[in-house]
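# Remarks on the overall topology
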Amino acid sequence: LNQERGFQAGDELVKRVGEVLGSSVAHVPHCALARLTGGNFGLFLPDIHTGEAGWIAENIVKGLAQLSVEGLALSDNVGHVGGVVYDRSTELGQLLSGADTALRAAQQQGANKWSIDTLADAADAAARGQKRWQDILRTALEEKNVSLFVQQVVRCDDRGSTIHLEVFSRIMEESGNLLSAGLFVPLAERLGLIAALDRVVLEKVMEASIAHLETDRLSVNISPASLQDKSFRSWLLQSLKTLPPAGARLTFEFAEFGAVQNLDLVREFGKEVQRLGHGYGLDHFGQGFANFGYLQSLRPDFVKIDRAYTNELKSRESDSHFFIGSLAGVAHSLDIMVVAEGVETEEQYNLLRELNLDAVQGYLIGRPQPFEGAGEA
């Protein structure tokens with residue numbers, strides 16, 4: 001911003017961000033707001049619970065998005081919020097580390113997103129120093145200690161018909177605790193370990209026995225950052241060429257936010273895998289909701305509408321109903337299949353059927369289950 005519009009524009013944006021943060025926490029007694037570095041801010045909010053922290057984070061990102069509408073930023077993506085809630089004696093360094101971890105998770109979700117973790121939550125182990133995370137990830141990579149789970153994606157007009165299974169990865173600590181990908185993938189990207197991690201996951205998937213599954217189609221999330229690694233890309237394309245005819249057909253999912261930032265790379269890779277009989281899709285579709293012109297040349301096999309829209313789908317009169325219909329219309333005009341994720345209620349499912357979506361995924365259909373046979377020849 002400083003380079004394109006001058007330092008005065010940069011200063012104005014910083015001031016307005018400060019105003020957004022200040023107004024969002026004006027009701028919190030004894031809170032502290034600080035500018036840490038250039039575009040990084042910190043908030044300390046004593047005695048608030050997790051629910052209130054989420055409400056504050058939501059208000060902040062809405063305020064940041066409004067700054068883009070006012071033309072104060074260069075893009076729709078103004079900023080992200082990461083926070084950590086704690087209920088025990090701790091040190092400032094742990095809090096900042098936990099908040100930074102949550103911030104990386106928010107950035108992974110897309111533009112103007114937020115994420116709140118709990119420091120005391122052993123299941124997520126959110127607050128870890130960078131050295132500790134490097135040790136966890138490197139150990140997992142060396143020992144290939146990654147567990148896989150699968151979740152059904154079914155036809156919207158026939159819930160008994162499985163289109164594909166989405167594969168989720170988990171890392172197991174020495175304690176036996178499973179860490180979710182939403183926590184460690186952003187850190188793996190930051191530490192330059194994401195290509196190695198994606199390779200371990202894909203090796204397990206490609207070696208898995210699929211004879212007991214209801215479909216031979218498996219979808220796997222990989223990071224656009226991995227595609228930037230030429231050796232990873234070369235290995236993956238060669239591996240797909242040598243997969244046995246009876247093996248799994250793979251569909252690679254990319255978060256829309258990351259794919260748009262790497263359009264040429266994703267487009268080239270997508271055409272290659274489609275030529276080999278596999279496919280690719282966009283996850284968290286609709287986060288930007290600005291210009292989907294890139295779909296004309298990208299032509300993924302499917303787009304998966306972000307769960308935020310599904311969560312807000314309450315009735316035909318809701319904004320979410322209009323948005324989903326509009327997003328689906330754009331995709332269907334290009335013969336791209338549309339999937340809704342995060343479907344949890346019959347009400348949501350029925351509304352999505354009326355909108356002529358192609359497929360649905362979520363707890364209403366089934367929870368992720370261990371991928372039996374993963375890693376076995």
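Here, every reference points to the structure presented above.
What you see is a predicted model; the values in this text were computed from it and never measured.

Each value, and the rule that gives it
- Residues numbered from 1 in each chain as written.
- Predicted model: local features only at pLDDT ≥ 70, side-chain atom pairs only at ≥ 80, totals over all residues.
- Heavy atoms only, no water.
- Phe/Tyr/Trp six-rings, centres within 6.5 Å; stacked < 30°, edge-to-face > 60°.
- Helix = DSSP H or I, 4+ residues; strand = E, 2+ residues; numbered from the N terminus.
- Buried < 20%, exposed > 50% of the residue type's maximum accessible area, 1.4 Å probe, protein only.
- Lys NZ or Arg CZ within 6 Å of the ring centre and 35° of its normal.
- Contact = heavy atoms within 4.5 Å.
- Pairing = 2+ DSSP bridges.
- Axes fitted to C-alpha atoms, helices over the stretch in contact; angles between N-to-C directions.
- Parallel < 35°, antiparallel > 145°, perpendicular 65-115°, else oblique.
- Nonpolar A, V, L, I, M, F, W, Y, C, P; charged D, E, K, R; others polar.
- Core = buried A, V, L, I, M, F, W, Y, C linked by side-chain atoms within 4.5 Å.

### Examining the packing of aromatic side chains
- The full count for this structure, using the stated rule, is 5 aromatic pairs.
- Taken together, a centroid distance of 5.8 Å and an interplanar angle of 65° make the contact between Tyr-309 and Phe-323 edge-to-face. Note that Tyr-309 is positioned in helix H13 (residues 307–311) and Phe-323 in helix H14 (residues 319–332), a separation of 14 residues in sequence.
- Classification of Phe-323 as partly exposed rests on a relative accessible area of 27%.
- Between Phe-322 and Phe-323, the ring centres sit 6.0 Å apart and the planes meet at 55°, which makes this aromatic pair tilted.
- Judged by its relative accessible area of 55%, Phe-322 falls in the exposed class.
- By the ring-pair criterion, three or more aromatic residues cluster together here, those being Phe-252, Phe-254 and Phe-269.
- Directly above the aromatic system of Tyr-349 lies the positively charged group of Arg-159, at a separation of 4.5 Å from the ring centroid.
- Positioned above the aromatic ring of Tyr-363 is the side chain of Arg-367, whose terminal nitrogen or guanidinium carbon lies 3.9 Å from the ring centre.

### Looking at the environment of Asn-262
- Assignment of secondary structure puts Asn-262 in the loop between helix H10 (256–261) and helix H11 (263–275).
- On the basis of relative accessibility, which here comes to 17%, the residue Asn-262 falls in the buried class.
- A C-alpha to C-alpha distance of 9.2 Å links Asn-262 and Leu-227, two positions 35 residues apart in sequence.
- When near neighbours in sequence (up to four residues on either side) are disregarded, Asn-262 contacts Pro-224 and Gln-228.

### Points about the pairing of strand E11 (residues 302–305)
- What you see with E11 is no split at all: Phe-302 and Lys-304 on one side and Val-303 and Ile-305 on the other are buried throughout.
- In terms of strand pairing, strand E10 (residues 279–285) meets E11 through 3 bridges, oriented parallel. Along E11, the bridge assignment pairs Leu-282 with Val-303.
- The sheet contact formed by E11 and strand E12 (residues 337–340) spans 4 bridges and is parallel. What sits directly across from Lys-304, in E12, is Val-339.

### Considerations on the packing of helix H4 (residues 92–109) against helix H6 (residues 181–190)
- At a minimum axis distance of 8 Å, the contact between H4 and H6 shows a crossing angle of 90°. When the interaxial angle is binned, H4 and H6 end up roughly perpendicular. Across the interface between the two elements, Asp-100, Thr-101, Arg-104, Ala-105 and Gln-108 of H4 pack against Gly-182, Leu-183, Val-185, Pro-186, Leu-187, Glu-189 and Arg-190 of H6.
- For the contact of H4 with H6, the class distribution of residues is 5 nonpolar, 3 polar and 4 charged.

### A short note on the nonpolar core
- Counting 80 residues, the largest nonpolar core has Leu-218, Leu-236, Phe-252 and Leu-357 as its most contacted members.
- It is helix H7 (residues 194–207) that provides the largest number of residues to this core, a total of 8 residues.
- Leu-357 has contacts with Cys-156, Ile-305, Ile-324, Ala-328, Val-338, Val-339, Ala-340 and Leu-352, leaving out every residue within four places of it along the chain.
- In this structure, Leu-13, Val-25, Leu-45 and Leu-64 belong to the second largest nonpolar core, which totals 18 residues.

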